[in-house]
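# Observations on the three-dimensional arrangement
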Amino acid sequence: MSFDERARTWDDDPGKVATAAEVAAAVLGQIDLSGRPRTLELGAGTGLLSRALRPHLGPTTLADSSPGMLEVARAVIAAQGLDGWRAIEVDVDRDVIPGGPFDLVVAQLAVHHMANPRAVLQQIHEVLAPGGQVAIADLDLDPQAGFRQARGDCRGHLGFGRGAVTGWLRDLGFVEVAIS
């Protein structure tokens with residue numbers, strides 16, 4: 001099933017909600033969000049990660065390539081009265097990330113779906129405000145494709161080597177790179 005087809009019930013999966021909460025806790029453990037940053041969630045789906053971080057975020061843009069996910073995200077934004085939040089369709093493999101500058105860019109299990117992760121990191125760097133921060137939670141390199149086999153329908157990269165990601169980030173001009 002496509003992301004569009006799974007969108008309506010995406011937030012009903014307790015595992016997905018728990019993963020977003022775990023990633024949000026990890027973000028909060030690494031990044032000071034006391035200034036309520038202008039935030040971009042890339043590959044946001046329905047916005048579970050941003051919603052888990054909601055008390056700490058300022059204006060937030062949920063960006064995804066799935067119209068179905070964005071339809072759900074917009075309904076949640078309206079239902080929860082998330083003032084200053086918006087959901088936009090962006091396919092980073094074809095489009096340029098609009099908007100910015102953003103003080104914070106987050107992504108959860110999204111980058112492995114993108115054709116050229118290094119180019120996506122370059123785009124993130126370009127929309128990041130001076131002093132802005134990035135938090136990406138994605139797959140460690142798994143040549144045996146365990147995640148893909150467990151999911152059955154996962155496409156994309158088999159994760160990323162931490163050294164390679166560190167090199168990409170530094171080459172692109174990111175500073176204070178930390179991977180955990």
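See the structure shown above.
The sections below set out a description of the structure shown in this document. (Residues numbered from 1 in each chain as written. Predicted model: local features only at pLDDT ≥ 70, side-chain atom pairs only at ≥ 80, totals over all residues. Heavy atoms only, no water.)

## Observations regarding the environment of M69
- By secondary structure assignment, the location of M69 is in helix α4 (residues 67-79).
- For the pair M69 and R8, spaced 61 residues apart in sequence, the C-alpha to C-alpha distance is 7.6 Å.
- Contact partners of M69, with chain neighbours within four places excluded, come to F3, D4, A7, W10, G45, T46 and D64. (Helix = DSSP H or I, 4+ residues; strand = E, 2+ residues; numbered from the N terminus. Contact = heavy atoms within 4.5 Å.)

## Some words on the sheet that holds strand β3 (residues 85-89)
- Taking strand neighbours across the sheet as the criterion, the five strands line up as β3-β2-β1-β4-β5 in an open arrangement whose pairing is parallel. The two strands at the open ends of the sheet, each matched to only one other strand, are β3 and β5 (128-137). Averaged over all pairs of adjacent strands, the angle between strand axes in this sheet comes to 20°, irrespective of strand direction.
- Bridging between strand β4 (residues 102-108) and β5 involves six bridges; their strand directions are parallel. Bridged to A107 within β5 is I136.
- With respect to the sheet, α4 is in contact with β2 (60-64) and β3, its orientation differing from that of β3 by roughly 170°. (Pairing = 2+ DSSP bridges. Axes fitted to C-alpha atoms, helices over the stretch in contact; angles between N-to-C directions.)

## A look at helix α2 (residues 14-30)
- Spanning 17 residues, α2 covers 24 Å between terminal C-alpha atoms, matching the ideal 24 Å at 1.5 Å per step.
- Turning to α2, the residues buried within the fold contact α3 (48-52), β4 and β5.
- Capping the start of α2 is the job of one residue whose side-chain oxygen sits 2.7 Å from the backbone nitrogen of G15: D13. (Expected span 1.5 Å × (residues − 1). Polar contact = N/O pair within 3.5 Å; in protein donor to acceptor, adjacent residues only side chain to side chain.)

## A look at the nonpolar core
- Counting residues in each nonpolar core, the largest one holds 23 residues, and the members touching the most others are L40, L42, V92, I97, M114, I124 and F174.
- Elements with a contribution of two residues or more to this core: β1 (39-42), β4, α5 (117-127) and α7 (162-171).
- In terms of residue count, α5 provides more of this core than any other element does, four residues in total.
- Residues in contact with F174, not counting those within four places in the same chain, are L121, I124, H125, L128, V134 and L169.
- Membership of the second largest hydrophobic core comes to 19 residues, among which are V23, L49, L62 and A87. (Core = buried A, V, L, I, M, F, W, Y, C linked by side-chain atoms within 4.5 Å. Buried < 20%, exposed > 50% of the residue type's maximum accessible area, 1.4 Å probe, protein only.)

## Regarding the side chain of T166
- Within the element layout of this structure, T166 appears in helix α7.
- Ignoring any residue separated from it by four or fewer positions in sequence, one finds T166 in contact with V177 and I179.

## Considering the environment of T39
- Relative to the helices and strands, T39 is located in strand β1.
- Under the relative-accessibility criterion, T39 is labelled buried at 0%.
- Taking the C-alpha atoms as reference points, T39 and F102, 63 residues apart in sequence, are found 5.5 Å from one another.
- Not counting residues up to four positions away in its chain, the partners in contact with T39 are L57, P59, T60, T61, F102, L104 and V106.

## Re the pattern of salt bridges
- In this structure the tally under the stated criterion is five salt bridges.
- Measuring nitrogen to oxygen at the nearest pair gives 2.6 Å for the salt bridge that ties D103 to R38. Taken together, the residues span a long stretch of sequence, with D103 in strand β4 and R38 in the loop between α2 and β1 at a distance of 65 residues.
- Accessibility expressed as a relative area gives 24% for D103, which makes it partly exposed.
- For R94, the salt bridge goes to D91, with nearest N and O atoms at 3.5 Å.
- Residue R94 is classed as exposed on the basis of its relative accessible area of 65%.
- Judged by its relative accessible area of 18%, D91 falls in the buried class. (Salt bridge = Lys/Arg side-chain N within 4 Å of Asp/Glu carboxyl O.)

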